[in-house]
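One-letter residues, chain by chain:
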Amino acid sequence: VSRIAGAPIDAGQFHGEDVLDIWLGSNRSPNRPQFWRHSLKQDNWRLYFGGGDRPVALYDLATDPGETTNRLREHPARVRQLNKVWRTWRASLP
């Protein structure tokens, strides 16, 4: 948003990534994981958590953008990998 407004920022003071090109139509994926209150998206995968750090649903957004088929049991290695990213991020929070 700062880039759109032309506002100078000190990138060292912000956690994030410039995704303006994606907003403007580029088809690249963000380079960093994206975190929400109860989910994590990395590459084409979104992992949802219930009750803290307990994974409850995994979706392959490349084949299921509407998130209709839970793939949690089919991809245990992916769940472990994303869960590790989630826990590392949560541990870094103040």
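Above this text sits the structure in question.
On to the overall build of the chain, then. In terms of helices and strands, the chain carries 3 helices and 4 strands. Taken from the N to the C terminus, the helices and strands of the chain come in the order α-α-β-β-β-β-α. The buried share of the chain, taken over its 94 residues, is 24%. Total accessible area computed for the chain in this model is approximately 6800 Å², and 52% of it derives from carbon and sulfur atoms.

What follows concerns the pairing of strand β3 (residues 45-50). Residues in a regular strand point their side chains to alternate faces of the sheet. For β3, the tally of buried residues reaches 5 of 6 residues, placing the bulk of the element in the interior. As judged from the 4 bridges shared by strand β2 (residues 39-42) and β3, these two strands associate in the antiparallel manner. Following the sheet pairing, K41 is matched in β3 by R46. If you look at the hairpin formed by β2 and β3, you'll find 2 residues sitting between the two strands, and D43 has a positive phi there, around 55°. Summarising the sheet, β3 and strand β4 (residues 54-60) pair through 6 bridges and their orientation is antiparallel. Following the sheet pairing, L47 is matched in β4 by L58. What sits between the antiparallel neighbours β3 and β4 is a turn of 3 residues, in which G51 has the positive phi angle 60°.

The next subject is helix α3 (residues 76-92). Compared with the 24 Å implied by 1.5 Å per residue over 17 residues, the 24 Å span of α3 between its first and last C-alpha is a close match. Every buried residue of α3 is listed here: V79, L82, N83, W86 and W89. Angular distribution of buried residues about the axis of α3 spans 125°; they occupy a single face of the element. Facing away from the buried surface of α3 by more than 90 degrees, the exposed residues are R80, K84, T88, A91 and S92. In this structure, the buried side of α3 is in contact with β1 (34-35), β2, β3 and β4.

Not every positive phi belongs to a glycine, and D43 is a case in point at roughly 55°. Within the secondary structure, D43 sits in the loop between β2 and β3. The residue E67 is not glycine, and still its phi comes out positive at about 55°.

Below, the discussion takes up the nonpolar core. One finds L40, W45, L47, F49, L58, V79, L82, W86 and W89 forming the largest nonpolar core, which totals 9 residues. Secondary-structure elements contributing two or more residues to this core are β3 and α3. Among the elements that take part in this core, α3 stands out by supplying 4 residues, more than any other. Leave out the neighbours within four places in its chain, and W45 touches L40, L58, Y59, D60, H75, R78 and L82.

Calculation rules
- Residues numbered from 1 in each chain as written.
- Predicted model: local features only at pLDDT ≥ 70, side-chain atom pairs only at ≥ 80, totals over all residues.
- Heavy atoms only, no water.
- Helix = DSSP H or I, 4+ residues; strand = E, 2+ residues; numbered from the N terminus.
- Buried < 20%, exposed > 50% of the residue type's maximum accessible area, 1.4 Å probe, protein only.
- Areas by Shrake-Rupley, 256 points an atom, 1.4 Å probe, with all protein chains shown as cover.
- Pairing = 2+ DSSP bridges.
- Expected span 1.5 Å × (residues − 1).
- Arc of directions from axis to C-beta.
- Contact = heavy atoms within 4.5 Å.
- Core = buried A, V, L, I, M, F, W, Y, C linked by side-chain atoms within 4.5 Å.

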